[in-house]
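Coordinate analysis (summary)
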Amino acid sequence: MQDFLETNPGVKRSDIPSDLVTASGGGLDPHISPQGAYIQIGRVAAARNLDINKLRELVKSNIEAPLLGMFGTERVNVLKLNLALDKLN
């Protein structure tokens, strides 16, 4: 968690979603919560030299609904989001 706080200045420990500091059973889950994506926008925008609002919209457009609208929670597929980010450059 300390690494996350150091690389995301301005984020409070209490604001970090649990999915960012825990691992899935296999440790390979390609999804994070929308909150987990949004909390990293400042760092990612700075690293990729992107407008924060444009990045926020890109995250929003990559939120996947729960399976059949009722199983699970909303999530962001990190691989798809990273591919979309790469297309912007």
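Keep in mind the model is a prediction, meaning the values are calculated, not measured.

A few words now on the packing of helix α4 (residues 52-61) against helix α5 (residues 78-88). Relative to each other, α4 and α5 sit at 140°, their axes nearing to 10 Å. With respect to α5, the element α4 is oriented oblique. For the pair α4 and α5, the crossing hand works out as right-handed. Between α4 and α5, the contacting residues are K54, L55, L58 and V59 on the first element and L81, A84, L85 and L88 on the second. Grouping the amino acids of the contact of α4 with α5 by side-chain chemistry returns 7 nonpolar, no polar and 1 charged.

A word on the environment of A84. Within the secondary structure layout, A84 lies in helix α5. A C-alpha to C-alpha distance of 16 Å links A84 and Q40, two positions 44 residues apart in sequence. Here A84 is in contact with L58 and N62, once residues within four sequence places are set aside.

Since one α-helical turn is 3.6 residues long, residues separated by three or four positions face the same way. Within α5, the full set of buried residues consists of L81, A84 and L85. The buried side chains of α5 occupy one side of the element, clustering within an arc of 100° when seen end-on. Within α5, the exposed residues directed more than 90 degrees away from the buried face are L79 and K87. Here the buried face of α5 lies against α3 (41-48), α4 and β3 (75-77).

With that settled, the discussion passes to unusual backbone geometry. Residue N49 is not a glycine yet carries a positive backbone phi of 55°. Among the secondary structure elements, N49 is positioned in the loop between α3 and α4. The class of N49 is exposed, set by a relative accessible area of 71%.

What counts as what
- Residues numbered from 1 in each chain as written.
- Predicted model: local features only at pLDDT ≥ 70, side-chain atom pairs only at ≥ 80, totals over all residues.
- Heavy atoms only, no water.
- Axes fitted to C-alpha atoms, helices over the stretch in contact; angles between N-to-C directions.
- Helix = DSSP H or I, 4+ residues; strand = E, 2+ residues; numbered from the N terminus.
- Parallel < 35°, antiparallel > 145°, perpendicular 65-115°, else oblique.
- Left-handed = near helix turned anticlockwise from the far one by under 90°.
- Contact = heavy atoms within 4.5 Å.
- Nonpolar A, V, L, I, M, F, W, Y, C, P; charged D, E, K, R; others polar.
- Buried < 20%, exposed > 50% of the residue type's maximum accessible area, 1.4 Å probe, protein only.
- Arc of directions from axis to C-beta.

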